[in-house]
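As a plain string of letters, each chain reads:
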Amino acid sequence: MALQNKIIHLSCRCLFGEVLNRQFASNSRVLYKSASSESLRITAVGDETPRESLVGKETRIKTLKEMPGPSAVGNLIEFFWRDGFSRIHEIQMEHSQKYGKIFKSRFGPQLVVSIAGRDLVAEVLRSEGVAPQRGNMESWQEYRNLRGRSTGLISAEGEDWLKMRSVLRQLIMRPKDVAQFSDEVNSVVVDLMKRVDTLRSQQPDGLTVVNVNDLFFKYAMEGMAAILYEDRLGCLENEIPQKSQDYIAALHLMFSSFKMTMYAGAIPKWLRPIIPRPWEEFCSSWDGLFSFSQIHVDKRLEEIKEQMSRGEEVKGGLLTHMLVTREMNLEEIYANMTEMLLAGVDTTSFTLSWATYLLARNPEVQQQIYEEITRTLGHGTIPSADDVPRLPLIRGLVKETLRLFPVLPGNGRVTQDDLVIGGYFIPKGTQLALCHYSTSMEEENFPGAEEFHPERWIRKDATDRVDNFGSIPFGYGIRSCIGRRIAELEMHLALTQLIQRYRIGVCPLTDEVKAKTHGLLCPAAPINLQFTDRTAQTDRHS
Ligand code: HEM
């Protein structure tokens with residue numbers, strides 16, 4: 001054992017955020033840690049002397065072998081026989097109830113340690129280094145090497161990731177940076193409302209929008225194009241331009257093969273000549289996505305060049321800034337635009353679908369939110385990013401939706417140091433799965449966890465921080481979602497205007513809709529909703 005007969009440093013963050021460095025002895029079979037210590041980073045330093053003051057307060061650190069978890073065969077049956085891939089969120093819950101807040105699973109040669117406790121998740125994320133690694137991205141990197149493409153923020157690691165992250169962080173991480181996109185987003189919201197009117201007018205009842213996710217997919221795509229490419233695609237028009245239809249089809253293909261993008265890497269390379277299809281589809285869907293982004297980036301680049309050649313001042317948004325400053329090279333810009341689009345469309349559209357579904361099924365909550373909006377903005381005022389802090393229930397609505405339906409039900413990390421988590425020694429290089437879905441459904445983290453209560457997120461006063469590692473749908477810390485503020489802006493502005501204008505109701509066509517995992521947590525059946533114009537009468541009754 002690598003740590004045999006050595007002193008280990010345990011660096012733990014106490015309740016007040018202070019980092020405590022401790023030394024403990026290890027011998028051939030037993031490692032020790034303080035019973036009260038939390039996240040622990042371990043470094044072997046080759047000294048055998050235990051700190052006397054700690055002796056007696058210690059508990060034994062257990063090994064991975066001792067960690068409970070489902071058997072490898074059980075996992076195989078669960079995933080391949082019982083279609084576990086579409087029930088990852090449920091399996092998380094079942095396993096955490098059965099094996100506890102930390103357990104191990106084996107997927108072929110890959111050992112994964114699942115962390116299903118709020119405080120343990122907090123420990124892992126709070127003890128991260130400067131460039132955390134999310135998971136095995138080998139297949140993504142292999143595609144990029146094959147085509148001479150750059151990695152983007154999702155697929156990059158180490159120095160490459162740090163460089164790109166520091167560029168993008170300055171541009172889109174703070175609410176005030178994305179507030180400047182308010183007008184662009186609102187112009188897309190106007191098109192969204194027109195589209196709602198058109199779609200419901202095509203139904204016999206004049207109210208129903210069938211499969212709202214299709215609508216929100218187009219809204220999210222249009223919104224992302226407006227922000228990322230500084231361009232409009234016409235996805236929400238009655239007649240979608242052919243070019244944009246092709247893009248949408250390409251994106252649907254990309255998203256529908258998302259599972260493939262996640263699992264193609266799991267198929268060993270030597271199997272590719274025998275089963276070539278997964279890898280081929282994986283590559284061709286990436287080809288489509290990269291070329292989609294490249295067309296838009298190149299178009300903006302040409303416009304900038306022309307403006308410069310005419311001696312005009314170049315003004316613009318995110319892409320213009322990136323192209324003019326060249327803090328990233330062109331290939332890195334293509335890659336980041338591609339990966340941000342991939343990350344930003346389905347995530348936002350599924351969340352909007354769930355949010356409207358929850359509003360429809362909870363009319364009293366919808367009415368409270370409507371009243372907050374009219375009280376704060378009056379009737380018909382178009383909200384901007386600056387208004388959102390004055391609409392705590394709209395923010396609570398998005399948070400509560402993402403708690404109940406976290407688009408990414410789990411997240412990954414590869415440990416970059418030896419760690420002790422939950423009393424177990426976890427060697428460097430171990431794949432961790434952070435079980436966000438199960439922590440967000442735990443009663444001890446969220447009383448009445450199954451219920452929809454947007455108001456649970458409202459702060460009572462300035463000291464009341466509703467930080468809860470039980471629900472961190474955008475992740476936490478240095479490697480968290482870079483697009484969080486963009487996604488929130490798109491969702492807050494769209495939901496505020498939808499609630500202002502319509503009473504959203506359940507439709508007889510839709511019964512209860514369950515969630516399934518398809519890469520992301522998405523509705524297992526189409527969500528059909530009714531959008532009734534609010535009038536003086538419907539304003540008062542829900
Ligand atoms: C409801 C909407 C969204 C949700 C719930 C969401 C959630 C997440 C989560 C959980 C992660 C992983 C964080 C971690 O590993 O700690 C992530 C990463 C990421 N997201 Fe989002 N996301 C959303 C929208 C967006 C949007 C709109 C964009 C683009 C503008 C975006 C771009 C990214 C990127 C580039 C990363 C990788 C960051 C890095 O590795 O440094 N996301 N997102």
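Residues numbered from 1 in each chain as written. Predicted model: local features only at pLDDT ≥ 70, side-chain atom pairs only at ≥ 80, totals over all residues.

1. Section: the overall build of the protein chain
Convention followed: Elements are defined by DSSP. Helices are runs of H or I of four residues or more, strands are runs of E of two residues or more, and each kind is numbered from the N terminus. Any residue with 12 or fewer other C-beta atoms within 10 Å of its own C-beta is exposed, any with 20 or more is buried, and the rest are partly exposed; the C-beta atoms used are placed from the backbone. Contacts are defined on C-beta atoms placed from the backbone: any two residues whose C-beta positions lie within 7 Å are in contact.
Scanning the protein chain from N- to C-terminus turns up 18 helices and 16 strands. Burial status across the protein chain gives 40% buried among its 542 residues. Partitioning the contacts of the protein chain with sequence separation of at least 6, the portion at a separation of at least 24 is 72%.

2. Brief notes about the UniProt feature "binding site: heme" (unreviewed entry) in the protein chain
Heads up, the condition is: UniProt positions are given in the numbering used here, feature names are shortened, and annotations may be inferred rather than shown by experiment.
Per the UniProt record, the feature "binding site: heme" (unreviewed entry) sits at Cys-481. Take Cys-481: it is sitting in the loop between α16 (436-440) and α17 (484-501). On the neighbour-count criterion, Cys-481 (21 C-beta atoms within 10 Å) is buried. Non-local contacts of Cys-481, meaning those with residues more than four positions away in its chain, are made with Phe-474 and Gly-475.

3. Here we look at the site of the ligand
For the record, the criterion: Should the C-beta atom of a residue, placed from the backbone, lie within 6 Å of a molecule or strand, that residue is near it. Classification used: nonpolar for Ala, Val, Leu, Ile, Met, Phe, Trp, Tyr, Cys and Pro, charged for Asp, Glu, Lys and Arg, polar for all others including Gly.
Neighbouring residues of the ligand: 25 residues in total, closest Ala-343, Gly-344, Gly-475, Cys-481 and Gly-483. Those elements that provide at least two residues to the shell around the ligand are α13 (330-361) and α17. The element that contributes the greatest number of residues to the shell around the ligand is α13, accounting for seven residues. The class makeup of the residues in the shell around the ligand is 13 nonpolar, eight polar and four charged.

4. Observations concerning the sheet that holds strand β6 (residues 102-107)
Keep this limit in mind: The pairing criterion is simple: DSSP has to find at least two bridges between the two strands. Angular values range over 0 to 180 degrees, each being the angle between N-to-C directions of two axes fitted as lines to C-alpha atoms, with helices fitted over their stretch in contact.
The strand order across the open sheet formed by four strands is β6-β7-β12-β9, and the pairing between neighbours is mixed. Looking at which strands have only one partner, the edges of the open sheet turn out to be β6 and β9 (411-414). Taking the axes of each pair of neighbouring strands and ignoring which way they run, one obtains an average angle of 30° across the sheet. Here strand β7 (residues 110-115) pairs with strand β12 (residues 431-434) via four bridges, running parallel. Along β12, the bridge assignment pairs Ser-114 with Ala-433.

5. Overview of the sheet that holds strand β16 (residues 529-533)
Pairing is antiparallel across the open sheet formed by three strands, whose spatial order is β8-β16-β13. Two strands close off the open sheet at either side, each with one partner strand: β8 (208-209) and β13 (502-506).

6. Some thoughts on α13
Operational definition: A helix's residues, less one, multiplied by 1.5 Å, set its expected span.
With 32 residues, α13 ought to run about 46 Å at 1.5 Å a step, and its terminal C-alpha atoms sit 47 Å apart, in line with that. Across the 32 residues of α13, 27 count as buried, placing the element largely inside the fold.

7. Description of the pairing of β9
Side-chain alternation along β9 places Asn-411 and Arg-413 on a buried face and Gly-412 and Val-414 on a face that remains uncovered. Taken together, the four bridges between β9 and β12 define a ladder with antiparallel strand orientation. Considered in β12, the bridge of Asn-411 is made with Leu-434.

8. Quick word on the packing of helix α14 (residues 363-377) against α17
We apply this condition: Put simply, angles under 35 degrees are roughly parallel, angles over 145 are roughly antiparallel, angles from 65 to 115 are roughly perpendicular, and the rest are oblique.
In contact at an axis separation of 9 Å, α14 and α17 are set at 100° when each is read in the N-to-C sense. With respect to their mutual orientation, α14 and α17 come out roughly perpendicular. Across the interface between the two elements, Gln-366, Ile-369, Tyr-370 and Ile-373 from α14 touch Thr-496, Ile-499 and Gln-500 from α17. Residue classes in the contact of α14 with α17 are distributed as four nonpolar, three polar and no charged.

9. A closer look at the packing of α14 against helix α15 (residues 392-404)
Orientation of α14 relative to α15, taken along the N-to-C sense of each, is 140°, at an axis distance of 8 Å. Between α14, through Gln-368, Ile-369 and Glu-372, and α15, the contact on the second element is made entirely by Leu-393, Ile-394 and Leu-397.

10. Structural notes on the nonpolar core
A general feature of soluble globular proteins is that nonpolar side chains tend to end up buried together. Our working definition: To form a nonpolar core, buried Ala, Val, Leu, Ile, Met, Phe, Trp, Tyr and Cys residues must be joined through C-beta atoms within 7 Å.
By size, the foremost hydrophobic cluster in this structure holds 86 residues, and its most contacted members are Tyr-219, Met-221, Met-224, Leu-228, Ile-369, Ala-494 and Leu-529. The residues touching Met-224, leaving out its near neighbours within four places in the chain, are Leu-341, Gly-344 and Val-345. In this structure, Val-113, Ile-115, Met-441 and Phe-469 belong to the second largest nonpolar core, which totals 25 residues.

11. Remarks on the environment of Ser-480
Residue placement: Ser-480 occurs in the loop between α16 and α17. For Ser-480, a count of 15 C-beta atoms within 10 Å corresponds to the partly exposed category. Considered as a pair, Ser-480 and Pro-132 are 348 residues apart in the sequence and their alpha carbons are 9.9 Å apart. Leaving out residues up to four positions away in the same chain, Ser-480 has contacts with Phe-474 and Gly-475.

12. A word on helix α8 (residues 212-229)
With 18 residues, α8 extends 25 Å between its outermost C-alpha atoms, agreeing within 8% with the 26 Å of an ideal straight helix rising 1.5 Å per residue. One or two positions beyond α8, positive phi appears at Glu-230, with a value near 55°.

13. Description of the confidence of the model for the protein chain
How we decide: The predictor rates its confidence in each residue with pLDDT, a number between 0 and 100.
Looking at the protein chain as a whole, its pLDDT mean stands at 84, while 84% of the residues score no less than 70. α15 holds the highest mean pLDDT among the elements of the protein chain, 98, whereas strand β2 (residues 19-25) holds the lowest, 28. Counting interchain partners and residues more than four positions distant, the pLDDT-below-50 stretch residues 1-56 has 100 contacts. Scoring of the predicted complex yields 0.88 for pTM and 0.99 for ipTM.

14. Let's talk about unusual backbone geometry
Even without being glycine, Glu-230 reaches a positive phi, approximately 55°. Along the polypeptide, Glu-230 turns up in the loop between α8 and α9 (242-256). Positive phi outside glycine occurs at Arg-326, with the angle close to 50°.

15. Considerations on the environment of Gly-477
Positionally, Gly-477 belongs in the loop between α16 and α17. Judged by the 12 C-beta atoms lying within 10 Å of it, Gly-477 is exposed. Placed 351 residues apart in sequence, Gly-477 and Arg-126 show a C-alpha to C-alpha distance of 7.4 Å. The contact partners of Gly-477, leaving out residues within four places of it in the chain, are Leu-125 and Glu-128.

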